[in-house]
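Per-entry structural report
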Amino acid sequence: MACSQLMHRCTGCSALQTSSSTSDCFRSRAQGKKWGCHGGSARTAPLFPRVTCTFPRTYKDLQEGVGLEELVKGADSSGARDRSKRLQRLPDLVPGNQSSVDPRRTHSSPSRNASSTSPADLDCEHFSRCSGCVIDKALDEPHVMRDAVSFFKRHAVEDMSLTTCGVWHWRCRAKLAVRGTCDNPLIGLYEEGSHVVVDIPNCRTHHPRINAAVELVKDAIRTLGVEPYDEETQTGQLRYLQMVMTTFNSSLPATERYAEGKVQVTLVWNAREEKSVEAALLQPMADFLWRKGGLGRRVATPILHSVWANFQTTRTNIIFGGKWRHLLGEQQLWERVGGADICFTPASFGQANLQAFEALLRRLQKKVKRDSAVVELYAGVGIIGISLAVTRACRSVKCVEVNKEARDSFQLSLARVPESVDCKISWHCADASVSPINWLEGADVVIVDPPRKGLDAPVIEALRLASLRGQGKQKSPSYSNANRVEKRPWIVRAKQDSVVKDSSSDWQEVMDVVWPDTLVYVSCGWESFKRDCAALTEGDAWHLDDGHAFNFFPGTDSIETLAVFKRGKSTGTKSSKRKSGRRTGPIPFHRKGGKGALPKAKQ
């Protein structure tokens with residue numbers, strides 16, 4: 001994504017769009033009307049253990065030394081799940097002041113009375129006005145899941161289930177509008193169908209550290225007299241905030257890192273640059289924030305990781321401008337994701353629900369065979385690709401991404417890949433929709449993680465063609481043609497812009513062109529996924545082999561889908577294919593010898 005483009009996240013979406021109305025930007029976590037309670041049906045007894053955690057609610061609590069108790073991640077409770085509903089649940093985070101929990105759903109509006117609230121209910125005081133959530137009851141059972149289960153059953157996948165990693169305090173990334181006055185600043189999302197900002201200081205989905213950082217920003221606005229932005233007059237100084245929390249802290253035990261995360265704050269300023277007259281209060285505000293919440297804070301753990309500025313003066317609804325400045329704190333934000341260290345800049349896209357994303361990556365890794373050649377389209381900063389290289393001993397991993405801003409982050413992440421990882425890893429700045437067949441050739445596994453709109457039409461056609469060539473239904477290029485000198489300028493440019501880490505292994509040369517036999521689709525748009533699935537499975541080019549849903553955005557009627565396609569026609573249900581013991585696709589490549597060599601097959 002170019003710096004001038006809007007980082008726009010729709011419901012359960014990792015899409016980046018170039019423009020949108022401001023109201024859409026801050027309603028992006030919600031769609032349609034709000035959902036109330038689901039009648040008076042009773043909820044069954046809890047199917048998973050509860051973990052008691054006490055969270056500070058405000059910046060004032062943290063200033064007074066109220067810390068966060070150890071957050072213990074519970075075990076998967078799939079063994080005790082309700083098999084009829086096929087919903088897999090993980091532990092929720094239950095506030096420590098809950099003395100008792102009524103297992104039944106209530107008809108009353110959200111309240112702070114824990115005794116009348118189900119552990120899977122939102123119970124947020126801002127729900128009636130805030131557009132961020134559309135469901136306030138049974139957040140672990142989004143309505144779209146019923147359609148998903150039915151859809152996958154029609155494709156012979158019988159065990160489609162949902163993973164929910166807690167319904168409160170899951171959001172580690174937030175973009176918030178700043179409006180109001182310097183005496184009474186409002187920081188939050190737009191009210192449904194309007195440009196009226198709803199102040200959400202006690203948001204139940206935000207990690208408590210983000211809520212605390214918002215209170216700190218309000219304190220700075222009041223103290224320094226910073227003017228919030230006015231859309232009608234196009235005046236004011238502070239337009240938006242971006243809050244990104246990192247849990248990366250090797251000095252703490254792993255169980256404490258999520259609770260003790262630090263927040264990177266980006267101030268979107270209504271000025272052309274930091275030397276502008278309009279930016280006179282920018283550095284004083286950064287200093288105030290750092291003194292109160294950064295390393296200058298003498299009590300308890302620092303709230304802030306760093307302070308950045310983005311400059312935006314255009315009269316559009318795009319949140320970010322093209323200029324970024326690092327003001328205070330650490331310049332790079334790191335996160336441990338999928339077994340790898342990943343670097344982010346404020347302009348990088350990242351998932352808001354770190355725990356759910358980690359669960360998805362762990363499941364995805366199991367779907368990729370060791371020694372595979374992997375290509376990832378729509379790769380972003382390369383999180384999935386690098387995590388596979390580290391955990392699955394892949395032969396090679398290619399990451400293809402159109403946003404050139406992701407290159408530096410990938411390069412820094414690549415530098416932290418252990419030397420023991422013997423895999424050729426590369427990142428290429430290219431539009432996946434331009435000659436996509438060139439990226440698929442030679443890969444065993446293709447991973448696609450498109451924006452909410454789904455796959456580009458040329459990518460779908462290339463995936464179908466690759467499958468047909470792999471099945472021998474379409475003629476593949478000859479070996480000599482496949483190894484000709486590339487002269488097409490768009491391919492040459494993509495290779496020149498690449499970042500590469502070579503493998504030290506001597507791989508056997510293959511004389512035949514290899515085409516992928518496995519397609520892993522990570523979808524944030526359910527409707528677009530169904531459309532793409534229909535196109536991919538047409539004519540038995542691919543068939544659905546496995547599927548699982550993840551509740552990335554509790555409070556919204558959305559799911560993140562992990563779907564595995566196999567080449568060709570399905571041979572039956574998933575269970576029958578496993579029993580048959582038959583193997584499809586090409587025999588994996590083997591190293592000739594030395595480290596990681598596999599034994600030769602018996603003749």
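Residues numbered from 1 in each chain as written. Predicted model: local features only at pLDDT ≥ 70, side-chain atom pairs only at ≥ 80, totals over all residues. Heavy atoms only, no water.

Observations concerning the overall build of the chain
Just so we agree on the cut-off: Only DSSP runs of H or I reaching four residues or more are called helices, and only runs of E reaching two or more are called strands; each is numbered from the N terminus. Only protein chains enter the calculation, and the probe is 1.4 Å; a residue is then buried if its accessible area is under 20% of its type maximum, exposed if over 50%, and partly exposed in between. Residue contacts are counted whenever heavy atoms from the two residues lie within 4.5 Å of one another. Accessible surface is estimated by sampling points in the Shrake-Rupley manner with a 1.4 Å probe; for residues, cover comes only from the protein chains shown.
Across its full length, the chain carries 15 helices and 21 strands. The 603 residues of the chain split such that 57% are buried. Of all intrachain contacts in the chain linking residues separated by at least 6 positions in sequence, the fraction that spans at least 24 positions is 72%. Taken as a whole, the chain presents about 25200 Å² of accessible surface, with 50% of it coming from carbon and sulfur.

Some thoughts on the packing of aromatic side chains
Selection rule: Classification of ring pairs rests on two measures: the distance between centres of Phe, Tyr or Trp rings, Trp counted by its six-membered ring, which must be within 6.5 Å, and the angle between planes, read as stacked under 30 degrees, edge-to-face over 60 and tilted in between. For a Lys NZ or an Arg CZ to count as sitting over a ring, it must be within 6 Å of the ring centre and within 35 degrees of the ring normal.
The tally for this structure, following the rule as stated, stands at twelve aromatic pairs. Measuring from centroid to centroid gives 5.8 Å for F151 and F152, while their planes differ by 80°, and the two rings are edge-to-face. The pair formed by F151 and F152 is uniform in burial state, with each residue classed as buried. The ring of W168 carries the charged tip of R204 above its face, separated from the ring centre by 3.8 Å.

Regarding the confidence of the model for the chain
Selection rule: Each residue gets a pLDDT score, which is the predictor's confidence in that residue and runs from 0 to 100.
Per-residue pLDDT for the chain has a mean of 77; in total, 68% of the residues score no lower than 70. In this model residues 1-115 is a low-confidence stretch, pLDDT under 50, and it forms 310 contacts with partners more than four residues away in sequence or in other chains. Contacts of residues 575-603 to residues separated by more than four positions or lying in other chains number 38 contacts, the stretch itself having pLDDT below 50.

Some words on the environment of I210
Looking at where I210 falls in the secondary structure, it is placed in helix α4 (residues 208-224). A residue is classified by how much of its surface remains accessible, and I210, at 0% relative accessible area, is buried. Along the primary structure I210 and R171 are separated by 39 residues, whereas in three dimensions their C-alpha atoms are 8.6 Å apart. Among residues more than four places away in sequence, those in contact with I210 are R171, C172, R173, M243 and V263.

Re helix α14 (residues 526-537)
What counts, and what does not: A helix is expected to span 1.5 Å for every residue after the first.
Over its twelve residues, α14 extends 16 Å from the first C-alpha to the last, a length consistent with the 16 Å expected when each residue adds 1.5 Å. If you follow the buried residues of α14, they end up packed against α3 (144-154), α11 (457-470), β19 (518-523), β20 (542-550) and β21 (560-567). Following α14 by one or two positions, G539 has its phi on the positive side, about 70°.

Comments concerning the sheet that holds strand β9 (residues 262-269)
Short version of the rule: Two strands qualify as a pair provided DSSP detects at least 2 bridges between them. Between N-to-C directions, angles cover 0 to 180 degrees, with each direction set by a line fitted to C-alpha atoms, over the stretch in contact for helices.
Reading across the sheet, the seven strands line up as β7-β6-β5-β8-β9-β10-β11 and stay open at both edges, with mixed pairing between neighbours. One side of each edge strand has no neighbouring strand; the edge strands of this open sheet are β7 (197-199) and β11 (323-329). Each strand of the sheet is rotated relative to its neighbour by a mean of 35°, with strand direction disregarded. Here three bridges tie strand β6 (residues 185-190) to β7, and the two strands are oriented antiparallel to one another. Each bridged residue has a counterpart across the sheet, and for G188 the counterpart in β7 is D199. Each of β5 (173-180), β6, β7, β8 (238-246), β9 and β10 (304-311) is contacted by α4, which is oriented at about 145° to β8, the strand it contacts most. Lying over the sheet, helix α6 (residues 282-293) contacts β8, β9, β10 and β11, oriented at roughly 165° with respect to β10.

Here's the deal with the environment of M243
Position of M243 relative to the elements: it lies in strand β8. M243 gets classed as buried once you look at its relative accessible area, which sits at 0%. On a C-alpha basis, the gap between M243 and T266 in space is 6.6 Å, while along the polypeptide they are 23 residues apart.

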